[in-house]
Amino acid sequence: MRVYFLSCTPAALRLNGMYIGTVDGFERHIELNPSDSVFAEITPGDNLHGVNFFLDEKFFSCPPSFADLYLAENDAFVYIREYAPKDVNIEVIYQTRFLGNLITVFKQGGVYLSAEGREFDLSPLPSTFSNVTAEVKTLAGMEVLAVYGGKYLLIISGSGEKIFLNAVEDAEFGATLKTVTPFETCTASKAECEYSYDGDKLTLTAGRTVETYAPGEDVMHFAFFESVLTRGDYKKYLDGELAEKAGALKEYLGDFIAVTVPPEKFFALHGDIKSAGLVYPKNKNLFEIKYFAVDVKDGKISNIYPAE
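So, here's what we can say about the structure. (Residues numbered from 1 in each chain as written. Predicted model: local features only at pLDDT ≥ 70, side-chain atom pairs only at ≥ 80, totals over all residues. Heavy atoms only, no water.)

## Comments concerning the sheet that holds strand β18 (residues 177-182)
Put simply, the rule reads: Pairing between strands requires that DSSP locate at least two bridges from one strand to the other. Here a helix means four or more residues in a row that DSSP labels H or I, a strand means two or more in a row labelled E, and each is numbered from the N terminus. Lines fitted to C-alpha atoms define the axes here, with helix axes fitted over just the stretch in contact, and angles between the N-to-C directions of these axes take values from 0 to 180 degrees.
Pairing within the open sheet is antiparallel, and its four strands lie in the order β17-β18-β19-β20. On the outer flanks of this sheet lie β17 (170-173) and β20 (202-210), each paired with one strand and no other. If you compare each strand with its neighbour and ignore which way they point, the axes differ by 15 degrees on average.

Here is the structure:
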(Lines give C-alpha, C1' and ligand atoms only; values in the text may rest on other atoms or scores of the structure.)
Protein backbone atom coordinates (compact mmCIF):
# COMPACT_ATOMS: atom_id res chain seq x y z
CA MET A 1 0.00 0.00 0.00
CA ARG A 2 1.20 3.49 -0.82
CA VAL A 3 0.45 5.92 2.02
CA TYR A 4 0.47 9.67 1.42
CA PHE A 5 0.90 12.10 4.33
CA LEU A 6 -0.52 15.63 4.44
CA SER A 7 -0.86 18.14 7.26
CA CYS A 8 -2.85 21.33 7.92
CA THR A 9 0.42 22.99 9.01
CA PRO A 10 4.07 22.08 8.31
CA ALA A 11 5.22 19.24 10.56
CA ALA A 12 8.07 16.76 10.89
CA LEU A 13 7.31 13.12 10.06
CA ARG A 14 9.04 10.19 11.74
CA LEU A 15 8.32 6.52 11.09
CA ASN A 16 9.61 3.94 13.61
CA GLY A 17 11.81 6.73 15.01
CA MET A 18 13.42 7.59 11.66
CA TYR A 19 13.07 11.15 10.35
CA ILE A 20 11.39 11.06 6.95
CA GLY A 21 10.92 14.75 6.18
CA THR A 22 8.41 17.57 6.38
CA VAL A 23 4.73 17.12 5.57
CA ASP A 24 2.32 19.93 4.70
CA GLY A 25 -0.19 20.53 1.91
CA PHE A 26 1.99 18.62 -0.57
CA GLU A 27 1.95 14.84 -0.60
CA ARG A 28 4.84 12.81 0.81
CA HIS A 29 4.46 9.05 0.50
CA ILE A 30 5.88 5.69 1.55
CA GLU A 31 5.13 2.06 0.69
CA LEU A 32 4.08 -0.17 3.59
CA ASN A 33 2.05 -3.19 4.61
CA PRO A 34 -0.60 -2.46 7.29
CA SER A 35 0.34 -5.72 9.04
CA ASP A 36 3.82 -4.24 9.71
CA SER A 37 2.26 -1.81 12.24
CA VAL A 38 4.56 1.16 11.57
CA PHE A 39 4.71 3.76 14.36
CA ALA A 40 4.16 7.30 13.02
CA GLU A 41 5.02 10.54 14.82
CA ILE A 42 4.07 13.91 13.32
CA THR A 43 5.32 17.02 15.14
CA PRO A 44 4.31 20.57 14.12
CA GLY A 45 5.80 23.91 15.11
CA ASP A 46 3.95 26.94 16.54
CA ASN A 47 3.87 25.48 20.07
CA LEU A 48 1.42 22.72 19.10
CA HIS A 49 1.30 19.18 20.43
CA GLY A 50 2.37 16.45 18.04
CA VAL A 51 0.33 13.33 17.25
CA ASN A 52 1.36 9.69 17.08
CA PHE A 53 -0.32 6.47 16.02
CA PHE A 54 0.36 3.03 14.59
CA LEU A 55 -0.22 2.57 10.88
CA ASP A 56 -1.94 -0.77 11.26
CA GLU A 57 -5.18 -2.44 10.23
CA LYS A 58 -7.10 -0.70 13.03
CA PHE A 59 -5.93 2.73 11.85
CA PHE A 60 -7.01 2.06 8.26
CA SER A 61 -10.52 1.08 9.36
CA CYS A 62 -11.01 3.55 12.23
CA PRO A 63 -8.67 6.57 12.12
CA PRO A 64 -8.23 8.80 15.21
CA SER A 65 -10.29 11.98 15.58
CA PHE A 66 -7.47 14.34 14.60
CA ALA A 67 -6.93 12.70 11.19
CA ASP A 68 -8.95 12.30 8.01
CA LEU A 69 -8.26 9.10 6.08
CA TYR A 70 -9.00 8.69 2.38
CA LEU A 71 -8.83 5.24 0.78
CA ALA A 72 -8.45 4.78 -2.98
CA GLU A 73 -7.55 1.61 -4.89
CA ASN A 74 -4.36 0.47 -3.09
CA ASP A 75 -3.58 3.96 -1.78
CA ALA A 76 -4.29 5.78 1.47
CA PHE A 77 -4.14 9.53 2.10
CA VAL A 78 -3.60 10.54 5.73
CA TYR A 79 -4.45 14.18 6.43
CA ILE A 80 -3.70 15.51 9.91
CA ARG A 81 -6.54 17.99 10.30
CA GLU A 82 -5.77 19.47 13.72
CA TYR A 83 -3.17 19.63 16.46
CA ALA A 84 -3.87 20.46 20.09
CA PRO A 85 -2.27 23.72 21.30
CA LYS A 86 -0.05 23.59 24.37
CA ASP A 87 -1.48 26.86 25.67
CA VAL A 88 -4.93 26.09 27.14
CA ASN A 89 -5.46 29.28 29.15
CA ILE A 90 -8.89 30.90 28.76
CA GLU A 91 -8.89 34.09 26.68
CA VAL A 92 -12.10 36.07 26.11
CA ILE A 93 -12.11 37.31 22.52
CA TYR A 94 -15.50 39.01 22.44
CA GLN A 95 -18.39 39.40 24.88
CA THR A 96 -21.68 41.30 24.76
CA ARG A 97 -25.23 41.27 26.06
CA PHE A 98 -27.74 40.90 23.26
CA LEU A 99 -31.49 40.97 23.98
CA GLY A 100 -31.02 39.37 27.39
CA ASN A 101 -28.40 36.86 26.20
CA LEU A 102 -24.76 36.83 27.24
CA ILE A 103 -22.75 36.05 24.12
CA THR A 104 -19.09 35.13 24.55
CA VAL A 105 -16.46 34.06 22.04
CA PHE A 106 -13.42 32.69 23.83
CA LYS A 107 -10.30 30.66 23.25
CA GLN A 108 -9.24 27.67 25.33
CA GLY A 109 -7.12 25.54 23.07
CA GLY A 110 -9.72 25.95 20.30
CA VAL A 111 -12.23 28.77 19.76
CA TYR A 112 -15.72 28.44 21.25
CA LEU A 113 -19.06 30.22 21.39
CA SER A 114 -20.96 30.44 24.67
CA ALA A 115 -24.56 31.66 24.52
CA GLU A 116 -26.38 32.08 27.85
CA GLY A 117 -30.01 33.11 27.73
CA ARG A 118 -33.24 31.15 27.77
CA GLU A 119 -30.96 28.13 27.40
CA PHE A 120 -27.19 27.57 27.51
CA ASP A 121 -25.20 26.47 24.48
CA LEU A 122 -21.46 25.87 24.07
CA SER A 123 -20.13 25.07 20.60
CA PRO A 124 -16.81 25.15 18.75
CA LEU A 125 -16.07 27.78 16.09
CA PRO A 126 -13.59 27.89 13.20
CA SER A 127 -10.16 29.21 14.19
CA THR A 128 -10.80 32.36 12.10
CA PHE A 129 -12.94 33.60 15.03
CA SER A 130 -9.72 34.23 16.97
CA ASN A 131 -10.34 37.80 15.83
CA VAL A 132 -13.94 38.99 15.51
CA THR A 133 -16.09 42.00 14.78
CA ALA A 134 -19.80 42.09 15.54
CA GLU A 135 -22.84 44.28 15.03
CA VAL A 136 -26.59 44.13 15.53
CA LYS A 137 -28.50 43.75 12.27
CA THR A 138 -32.20 43.87 11.40
CA LEU A 139 -33.47 40.83 9.55
CA ALA A 140 -37.14 40.53 8.55
CA GLY A 141 -37.87 43.33 11.03
CA MET A 142 -36.16 41.54 13.96
CA GLU A 143 -32.78 42.09 15.54
CA VAL A 144 -30.02 39.49 15.13
CA LEU A 145 -26.36 39.57 16.10
CA ALA A 146 -23.89 39.18 13.21
CA VAL A 147 -20.42 38.05 14.28
CA TYR A 148 -17.67 38.06 11.65
CA GLY A 149 -14.54 35.93 11.97
CA GLY A 150 -12.33 36.17 8.89
CA LYS A 151 -14.27 34.77 5.95
CA TYR A 152 -16.98 33.29 8.22
CA LEU A 153 -20.28 34.79 9.34
CA LEU A 154 -22.10 33.67 12.49
CA ILE A 155 -25.66 34.87 13.11
CA ILE A 156 -27.30 34.61 16.53
CA SER A 157 -31.07 34.98 16.95
CA GLY A 158 -32.86 37.07 19.54
CA SER A 159 -33.26 33.95 21.69
CA GLY A 160 -29.49 33.40 21.72
CA GLU A 161 -29.44 30.50 19.26
CA LYS A 162 -26.88 30.04 16.50
CA ILE A 163 -28.92 30.11 13.27
CA PHE A 164 -26.20 30.57 10.64
CA LEU A 165 -22.50 29.72 10.35
CA ASN A 166 -20.81 29.63 6.99
CA ALA A 167 -18.10 31.17 4.88
CA VAL A 168 -19.42 34.21 3.01
CA GLU A 169 -18.01 36.71 0.59
CA ASP A 170 -20.95 39.06 1.05
CA ALA A 171 -24.09 39.16 3.19
CA GLU A 172 -27.09 41.48 2.86
CA PHE A 173 -29.59 41.87 5.72
CA GLY A 174 -33.10 43.11 4.96
CA ALA A 175 -36.49 41.52 4.48
CA THR A 176 -34.46 38.37 3.80
CA LEU A 177 -30.84 37.29 4.21
CA LYS A 178 -28.86 37.17 0.96
CA THR A 179 -25.39 35.62 0.95
CA VAL A 180 -22.64 34.94 -1.55
CA THR A 181 -20.37 32.00 -0.69
CA PRO A 182 -17.28 31.23 -2.78
CA PHE A 183 -16.39 27.64 -3.66
CA GLU A 184 -12.82 26.43 -4.12
CA THR A 185 -13.35 25.22 -7.68
CA CYS A 186 -11.42 25.63 -10.92
CA THR A 187 -14.19 27.95 -12.18
CA ALA A 188 -14.15 30.10 -9.00
CA SER A 189 -17.87 29.44 -8.66
CA LYS A 190 -20.07 31.09 -6.04
CA ALA A 191 -23.34 30.15 -4.37
CA GLU A 192 -25.90 32.96 -4.24
CA CYS A 193 -28.51 32.11 -1.60
CA GLU A 194 -31.57 33.78 -0.10
CA TYR A 195 -33.14 32.87 3.27
CA SER A 196 -36.37 33.82 4.97
CA TYR A 197 -36.41 34.35 8.75
CA ASP A 198 -39.31 33.72 11.16
CA GLY A 199 -37.58 34.76 14.39
CA ASP A 200 -36.43 31.22 15.21
CA LYS A 201 -34.70 29.85 12.13
CA LEU A 202 -33.56 30.61 8.60
CA THR A 203 -35.11 28.79 5.64
CA LEU A 204 -33.44 28.62 2.24
CA THR A 205 -35.91 30.01 -0.33
CA ALA A 206 -33.70 30.49 -3.39
CA GLY A 207 -30.22 29.63 -4.55
CA ARG A 208 -28.06 29.31 -7.61
CA THR A 209 -24.43 28.56 -8.43
CA VAL A 210 -22.59 31.01 -10.68
CA GLU A 211 -19.28 30.22 -12.37
CA THR A 212 -17.01 33.27 -12.67
CA TYR A 213 -14.19 31.72 -14.70
CA ALA A 214 -14.32 29.64 -17.89
CA PRO A 215 -12.20 26.48 -17.47
CA GLY A 216 -9.59 25.44 -20.02
CA GLU A 217 -10.01 22.19 -21.92
CA ASP A 218 -7.38 20.50 -19.73
CA VAL A 219 -9.46 20.97 -16.57
CA MET A 220 -12.94 20.93 -18.12
CA HIS A 221 -13.69 17.49 -16.64
CA PHE A 222 -12.86 18.77 -13.15
CA ALA A 223 -15.16 21.74 -13.72
CA PHE A 224 -17.93 19.33 -14.71
CA PHE A 225 -17.66 17.17 -11.57
CA GLU A 226 -17.38 20.28 -9.37
CA SER A 227 -20.46 21.70 -11.06
CA VAL A 228 -22.41 18.53 -10.23
CA LEU A 229 -21.23 18.80 -6.62
CA THR A 230 -22.15 22.48 -6.24
CA ARG A 231 -25.46 22.12 -8.12
CA GLY A 232 -24.31 24.31 -10.96
CA ASP A 233 -25.26 24.18 -14.63
CA TYR A 234 -23.27 21.02 -15.35
CA LYS A 235 -25.46 20.17 -18.35
CA LYS A 236 -23.53 22.71 -20.43
CA TYR A 237 -20.43 20.48 -20.29
CA LEU A 238 -22.23 17.51 -21.92
CA ASP A 239 -22.80 16.67 -25.56
CA GLY A 240 -26.33 16.38 -26.93
CA GLU A 241 -26.98 12.70 -26.24
CA LEU A 242 -25.51 12.74 -22.74
CA ALA A 243 -27.14 16.07 -21.91
CA GLU A 244 -30.53 14.37 -22.30
CA LYS A 245 -29.56 12.08 -19.39
CA ALA A 246 -28.20 14.90 -17.20
CA GLY A 247 -30.96 14.45 -14.62
CA ALA A 248 -29.78 10.91 -13.85
CA LEU A 249 -26.12 11.81 -13.39
CA LYS A 250 -26.41 12.79 -9.72
CA GLU A 251 -27.79 9.36 -8.87
CA TYR A 252 -25.19 7.65 -11.10
CA LEU A 253 -22.27 9.45 -9.43
CA GLY A 254 -23.68 9.14 -5.92
CA ASP A 255 -23.40 11.40 -2.88
CA PHE A 256 -19.80 12.57 -3.20
CA ILE A 257 -18.62 15.51 -1.11
CA ALA A 258 -15.43 16.63 -2.86
CA VAL A 259 -13.46 16.38 -6.11
CA THR A 260 -9.75 15.64 -6.06
CA VAL A 261 -6.84 15.23 -8.48
CA PRO A 262 -5.60 11.64 -8.93
CA PRO A 263 -1.98 11.04 -7.81
CA GLU A 264 0.85 10.36 -10.23
CA LYS A 265 0.61 6.62 -9.55
CA PHE A 266 -2.94 6.57 -10.93
CA PHE A 267 -1.81 7.75 -14.36
CA ALA A 268 1.08 5.27 -14.36
CA LEU A 269 -1.51 2.49 -13.97
CA HIS A 270 -4.35 3.86 -16.12
CA GLY A 271 -2.59 5.96 -18.72
CA ASP A 272 -3.16 9.60 -19.62
CA ILE A 273 -6.94 9.74 -19.31
CA LYS A 274 -9.17 12.62 -18.27
CA SER A 275 -10.19 11.57 -14.78
CA ALA A 276 -11.00 12.90 -11.33
CA GLY A 277 -11.35 11.42 -7.86
CA LEU A 278 -14.76 11.73 -6.20
CA VAL A 279 -14.73 11.59 -2.40
CA TYR A 280 -17.46 9.66 -0.56
CA PRO A 281 -17.93 9.50 3.25
CA LYS A 282 -17.73 5.99 4.72
CA ASN A 283 -17.61 6.70 8.44
CA LYS A 284 -16.55 9.45 10.82
CA ASN A 285 -13.39 11.02 9.25
CA LEU A 286 -13.06 7.98 6.95
CA PHE A 287 -13.59 8.47 3.22
CA GLU A 288 -13.35 6.54 -0.03
CA ILE A 289 -12.10 7.96 -3.32
CA LYS A 290 -13.56 6.57 -6.53
CA TYR A 291 -12.05 7.59 -9.84
CA PHE A 292 -14.21 8.49 -12.80
CA ALA A 293 -13.01 9.18 -16.34
CA VAL A 294 -14.62 11.03 -19.23
CA ASP A 295 -14.40 10.95 -23.01
CA VAL A 296 -14.46 14.32 -24.76
CA LYS A 297 -15.71 14.90 -28.29
CA ASP A 298 -15.77 18.31 -29.96
CA GLY A 299 -15.18 20.04 -26.63
CA LYS A 300 -18.04 18.30 -24.84
CA ILE A 301 -18.15 15.28 -22.53
CA SER A 302 -19.61 12.33 -24.43
CA ASN A 303 -19.13 9.53 -21.87
CA ILE A 304 -18.60 9.16 -18.10
CA TYR A 305 -17.41 5.89 -16.58
CA PRO A 306 -15.52 4.45 -13.57
CA ALA A 307 -11.76 4.38 -14.16
CA GLU A 308 -10.96 0.73 -13.44
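## Here we look at the packing of aromatic side chains
The geometry of an aromatic ring pair comes down to the distance between the two centres and the angle between the two planes. To keep things clear, this is the line we draw: Note on aromatic contacts: the rings of Phe and Tyr and the six-membered ring of Trp form a pair at centre separations within 6.5 Å, being stacked when their planes are under 30 degrees apart, edge-to-face when over 60 apart, and tilted otherwise. Residue burial is assigned from relative accessible area. The probe radius is 1.4 Å, only protein chains are included, and a residue is buried under 20% of its type maximum, exposed over 50%, and partly exposed in between.
If you walk through the whole model with that rule in mind, you get 14 aromatic pairs. Taking 5.3 Å as the distance between ring centres and 90 degrees as the angle between the ring planes, the aromatic pair formed by F59 and F60 counts as edge-to-face. Residue class for F59 comes out buried when judged on its relative accessible area of 3%. Look at Y252 and F292: their rings are 6.1 Å apart centre to centre, the planes differ by 75 degrees, and that puts the pair in the edge-to-face class.

## Side note on the sheet that holds strand β11 (residues 110-116)
If you walk across this open sheet you meet the four strands as β9-β10-β11-β12, and the pairing is antiparallel. Since the sheet does not close on itself, it has two edges, and those belong to β9 (91-98) and β12 (120-125), each with one partner. Strand-to-strand twist in this sheet, taken as the mean axis angle between neighbours without regard to direction, amounts to 15 degrees. Two elements, strand β10 (residues 101-108) and β11, share seven bridges in a ladder whose sense is antiparallel.

## A word on the pattern of salt bridges
We count it as follows: Only one rule defines a salt bridge in this text: a Lys or Arg side-chain nitrogen within 4 Å of an Asp or Glu carboxyl oxygen.
A full pass over the atoms with the stated rule returns 10 salt bridges. Among the ionic pairs, K190 bridges to E169, the shortest N-O distance being 2.7 Å. In this pair, K190 is assigned in strand β19 (residues 190-197) and E169 in the loop between β16 (162-167) and β17, connecting sequence segments 21 residues apart. For K190, a relative accessible area of 23% puts it in the partly exposed group. Residue E169 is classed as partly exposed on the basis of its relative accessible area of 44%. For K236, the salt bridge is made with E211, and the minimal N-O distance between the two is 2.9 Å. Note that K236 is positioned in the loop between α2 (220-229) and α3 (240-243) and E211 in the loop between β20 and α2, a separation of 25 residues in sequence. What makes K236 partly exposed here is its relative accessible area of 38%.

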